[in-house]
Amino acid sequence: MSGQHAMPARYRVTSSQGETADTVTLVLRPVDHPIEPHQPGQFTMLYAFGVGEVPISISGPADGPDLVQTIRSVGAVTRALCAAGPGQLVGVRGPYGTDWDVGGAAGRDVLLVAGGIGLAPLRPALLSLLAARDRFRRITLLIGARSPAELLFASQLAAWRERGADVEVTVDRAAAGWAGNVGVVTQLIDRAEIDAAATLALLCGPEVMIRLAARALCARGVAPGSIRVSLERNMRCGIAECGHCQLGPLLLCRDGPVVSYQQAAPLLAVQEL
Ligand SMILES: Cc1cc2nc3c(=O)[nH]c(=O)nc-3n(C[C@H](O)[C@H](O)[C@H](O)COP(=O)(O)OP(=O)(O)OC[C@H]3O[C@@H](n4cnc5c(N)ncnc54)[C@H](O)[C@@H]3O)c2cc1C
């Protein structure tokens, strides 16, 4: 299978943009050959040479050989990737995993709910919805961030609104000058106009947010089968061989990260040992 090479392809960082204090967006250009084309929601295994390899979602559109990936620095490998400047080489395997399948949402309302860095894997889905805006009914993006300073892609929200998305933001903690919503993202769900039968919901963020948001949507009448969630587990191989990312019967590097909430709900109710 061509997308499943175990050897990383070399990519060169062509730009590195700070998004927040701990999050960077890298644009990566293939040195030898590009990986296979990707779909919104898929991820790559990014290798910081000599440090290690981690799964990172693709956060930009699939309109050329360059890869756009947004990385939050939390440990050794993500720290090394966030520090990679223009000219530096990284390794890329993939693309891996399931996607948001936004094409299948034609004629429906699409509701995207993002928490924190979870906006990064949802951005390519939003961009592809906006690129074919007429094919969908209402497009709503609800974003939760810990504070205004941690809001990702803040400078792009106005353009997304202009292109036909309803975008609402809430923060856990306000800061001086913040006149917007304060509270958790489920409060935005409670206030949103939702045509339950027509809605496809896409959820990405911390697992507790996913659980609460999915429950709030079910309470509004959205069917669990019309809610897709992106689940993260510790991943090593990316090709369903090592078992690190097992969740019940699923190997999330292959069967996820995007799964139906109908399938995920009983698995999320059980805490992992
Ligand atoms: C499918 C998938 C897509 C992802 N997409 C992105 C992305 O677009 N941007 C991004 O910044 N991160 C993403 N992650 C998370 C990223 O892979 C982890 O942050 C990274 O593996 C941490 O490695 P490290 O060596 O820097 O830190 P480590 O030293 O390994 O870990 C540092 C801290 O992060 C926690 N951690 C480690 N792995 C994960 C994980 N998979 N999920 C949550 N917490 C973790 C650890 O428990 C520890 O507290 C994704 C993960 C998966 C599974």
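Structure first, text after, so check above.
Position numbers for residues start from 1 in each chain and track the written sequence from start to end. Local features in this predicted model are restricted to residues whose pLDDT is 70 or higher, and side-chain atom pairs enter the listing and the counts only when it is 80 or higher, whereas totals over whole chains, interfaces and linings include all residues. As a rule here, side-chain values cover all heavy atoms of the structure and leave hydrogens and water aside.

Only protein chains enter the accessibility calculation, which uses a 1.4 Å probe; a residue whose area is less than 20% of its type maximum is buried, one above 50% is exposed, and one in between is partly exposed. A run of H or I in DSSP counts as a helix once it spans at least four residues, and a run of E counts as a strand once it spans at least two, with each numbered from the N terminus. Listed as buried for helix H7 (residues 261-268) are Tyr 261, Ala 264, Leu 267 and Leu 268. Along H7, the residues classed as buried sweep out an arc of 125° about the axis, all on the same side. Summarising the geometry of H7, the exposed residues directed more than 90 degrees from the buried face are Gln 262 and Pro 266. Any two residues whose heavy atoms approach within 4.5 Å at even a single point are treated as in contact. Buried positions along H7 lie against helix H5 (207-219), strand E12 (227-230), strand E13 (246-247), strand E14 (250-251) and strand E15 (258-260). The definition of a polar contact used here is a pair of N or O atoms within 3.5 Å, where within protein one atom must be able to donate a hydrogen and the other to accept one, and adjacent residues in sequence count solely through side-chain atom pairs. Among the residues of H7, the N-terminal cap falls to Ser 260, whose side-chain oxygen and the backbone nitrogen of Gln 262 are separated by 3.1 Å. It is the directions from the helix axis to the C-beta atoms that the arc portrays.

It is worth spelling out H5 at this point. A helix is expected to reach a length of 1.5 Å times the quantity of its residues less one. In this model H5 runs 18 Å from its N-terminal to its C-terminal C-alpha over 13 residues, within 8% of the 18 Å that 1.5 Å per residue would give. For H5, every residue scored as buried is listed here: Met 209, Ile 210, Arg 211, Ala 213, Ala 214, Ala 216 and Leu 217. Looking at the packing, one finds that the buried side of H5 touches strand E7 (109-115), helix H4 (185-191), strand E11 (199-204), E12 and H7. Of the residues one or two after H5, Gly 221 is the one with positive phi, at around 100°.

On to the site of the ligand, then. When we say a residue is near a molecule or strand, we mean one of its heavy atoms is within 4 Å of it. Residues in contact with the ligand amount to 17 residues; listed here are only the nearest, Pro 55, Ser 57, Thr 70, Arg 72 and Thr 78. A distance of 2.9 Å is found between a nitrogen atom of the ligand and a backbone nitrogen or oxygen belonging to Thr 70. Taking Glu 232, its side chain carries an N or O atom lying 3.2 Å from a nitrogen atom of the ligand. Burial of the ligand by the protein chains amounts to 66% of its free accessible area of 860 Å². Of all the elements in the fold, those that place two or more residues in the shell around the ligand are strand E4 (52-57), strand E5 (67-72) and helix H1 (76-82). Considering every element that reaches the shell around the ligand, the biggest residue donor is E4, with four residues. All amino acids are sorted into three groups, where Ala, Val, Leu, Ile, Met, Phe, Trp, Tyr, Cys and Pro are nonpolar, Asp, Glu, Lys and Arg are charged, and the leftover types, Gly among them, are polar. Considering only residue class, the shell around the ligand consists of ten nonpolar, four polar and three charged. Residue-level accessible areas treat just the shown protein chains as cover; the underlying method is Shrake-Rupley with a 1.4 Å probe.

It is worth spelling out the side chain of Gln 42 at this point. Its location among the elements puts Gln 42 in the loop between strand E2 (23-30) and strand E3 (43-48). Judged by relative accessible area, which is 11%, Gln 42 ranks as buried. Here Gln 39 takes part through its backbone nitrogen, which lies 2.9 Å from a polar atom of the side chain of Gln 42. Polar contacts involving the side chain of Gln 42 include one to the main-chain carbonyl oxygen of Gly 97, which spans 2.8 Å. The contacts of Gln 42, once residues within four sequence positions are left out, are Pro 37, Ser 57, Ile 58, Pro 95, Tyr 96, Gly 97, Thr 98 and Asp 99.

Glancing now at the environment of Ala 120. Assignment of secondary structure puts Ala 120 in helix H2 (residues 119-131). Spatially, the C-alpha atoms of Ala 120 and Ile 35 are 20 Å apart, while their sequence positions differ by 85 residues. When sequence neighbours within four positions are dropped, the list of residues in contact with Ala 120 reads Ile 58, Ser 59, Thr 70, Leu 152 and Phe 153.

Here we come to the packing of aromatic side chains. Pairs were defined over the aromatic rings of Phe, Tyr and Trp, the Trp ring being its six-membered one, requiring ring centres within 6.5 Å. Orientation was assigned from the angle between planes: stacked under 30 degrees, edge-to-face over 60, tilted for the rest. Across all of its chains, the model carries three aromatic pairs by this definition. Arranged with centres 6.0 Å apart and planes meeting at 55°, the rings of Phe 43 and Tyr 96 form a pair that is tilted. On the criterion of sequence distance, the pair formed by Phe 43 in strand E3 and Tyr 96 in strand E6 (residues 89-96) is long-range, its members being 53 residues apart. Between the aromatic rings of Phe 153 and Trp 160, the centroid separation amounts to 6.5 Å while the plane-to-plane angle is 70°, which identifies the pairing as edge-to-face. In terms of burial, Phe 153 and Trp 160 fall into one category: buried. Two conditions define a charge located above a ring, namely a distance within 6 Å from the ring centre to NZ of Lys or CZ of Arg, and an angle within 35 degrees of the ring normal. Over the face of the ring belonging to Phe 153 we find Arg 123, whose NZ or CZ atom lies 3.9 Å from the ring centre.

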